[in-house]
Amino acid sequence: SEEQTLIAPNSTKQQRKRVLLKLVDMFGDGYFKMGTLDTLQLLSTHQVPAFQYRFCYDGKWKFADLLTMSASKLAVKFMVDSVTGRVFHGPSVPGVCHAEELHYLFSPTLWGMRNTLPNENDKEVSKRMVAHWVNFTKWGDPSIAGEPWTR
């Protein structure tokens, strides 16, 4: 029988990246999408009003940096970010990470440095997202002016 390997030992960086992106898609759908879709279907069969969102804003701030950079590179990143106002990134990982919206919800200031949302677009997305979450909390409907949501 022929042995198959996911990534051959002599694979190029580009080949490894291609496999990584396919794995991200596969596990992302399996771990995150399917559970929420199943839950929404179950809720809808009992006439429970439900809304779903998918945070897909690929902004300057990247949660993937925290997952893919060593502690020393993260320290350099935070110093460069705070001193220059630019955003220094780790390996180029396209797309949006699970829980990345939490940074836009809280937009923390790390260790006394400036706010970690680096540009006006990121800040605007943060403001709109907070407005959606506040409306959902107050009224049970995340719609805001110009951005209606359907159940």
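Rules used in this analysis
Residues numbered from 1 in each chain as written. Predicted model: local features only at pLDDT ≥ 70, side-chain atom pairs only at ≥ 80, totals over all residues. Heavy atoms only, no water. Helix = DSSP H or I, 4+ residues; strand = E, 2+ residues; numbered from the N terminus. Buried < 20%, exposed > 50% of the residue type's maximum accessible area, 1.4 Å probe, protein only. Contact = heavy atoms within 4.5 Å. Areas by Shrake-Rupley, 256 points an atom, 1.4 Å probe, with all protein chains shown as cover. Core = buried A, V, L, I, M, F, W, Y, C linked by side-chain atoms within 4.5 Å. Patch = residues over 30% accessible without salt bridge, like charges linked within 9 Å, V, L, I, M, F, W, Y side chains within 5 Å. Salt bridge = Lys/Arg side-chain N within 4 Å of Asp/Glu carboxyl O. Phe/Tyr/Trp six-rings, centres within 6.5 Å; stacked < 30°, edge-to-face > 60°.

A. Structural view of the overall build of the protein. When you go through the protein residue by residue, the secondary structure sums to five helices and zero strands. The helix and strand sequence of the protein, counted from the amino end, reads α-α-α-α-α. Across the 151 residues that make up the protein, the buried fraction comes to 23%. Across the protein, contacts joining residues at least 24 apart in sequence account for 55% of those joining residues at least 6 apart. Accessible area of the protein: about 11,100 Å², with a carbon and sulfur share of 60%.

B. Expanded view of the nonpolar core. Counting seven residues, the largest nonpolar core consists of F55, W61, Y104, L105, L117, V125 and M129. Once residues lying within four places of it in the same chain are set aside, the contact partners of M129 are F55, E101, Y104 and L105.

C. Up close: a nonpolar patch on the surface. Judged by side-chain polarity, M26, F27, Y31 and F32 come together as a nonpolar surface patch covering roughly 460 Å² of accessible area. Position of F27 among the secondary structure elements: in helix α1 (residues 13–45). Given a relative accessible area of 39%, F27 falls into the partly exposed group.

D. Inspection of the packing of aromatic side chains at higher detail. As enumerated under the stated definition, the model contains five aromatic pairs in all. Measuring from centroid to centroid gives 5.3 Å for F55 and Y104, while their planes differ by 40°, and the two rings are tilted. In this pair, F55 sits in the loop between α1 and α2 (63–68) while Y104 sits in helix α4 (residues 101–106), placing the two residues 49 residues apart along the sequence. Take F55 and Y104: they sit in the same class, and that class is buried. In textbook terms, an aromatic cluster arises when at least three aromatic residues are bridged by ring pairs, as seen for F51, F136 and W149.

E. Structural detail: the pattern of salt bridges. Using the criterion set out here, one finds two salt bridges in the structure. Taking the shortest distance from any N to any O, the salt bridge between E120 and K123 comes out at 3.8 Å. In this pair, E120 and K123 are both assigned in helix α5 (residues 120–139), three residues apart and thus about one turn of the helix distant. Taking the relative accessible area as the measure of exposure, E120 reaches 56% and is therefore exposed. Taking the relative accessible area as the measure of exposure, K123 reaches 30% and is therefore partly exposed. A salt bridge links E147 to R128, with the shortest nitrogen-to-oxygen separation between them at 2.7 Å. Of this pair, E147 sits in the segment after α5 while R128 sits in helix α5, placing them 19 residues apart in sequence. Take E147: its relative accessible area is 24%, and that puts it in the partly exposed class. Taking relative accessible area as the criterion, R128 reaches 34% and is therefore assigned partly exposed.

Function cannot be inferred from these measures alone, as they are strictly geometric.
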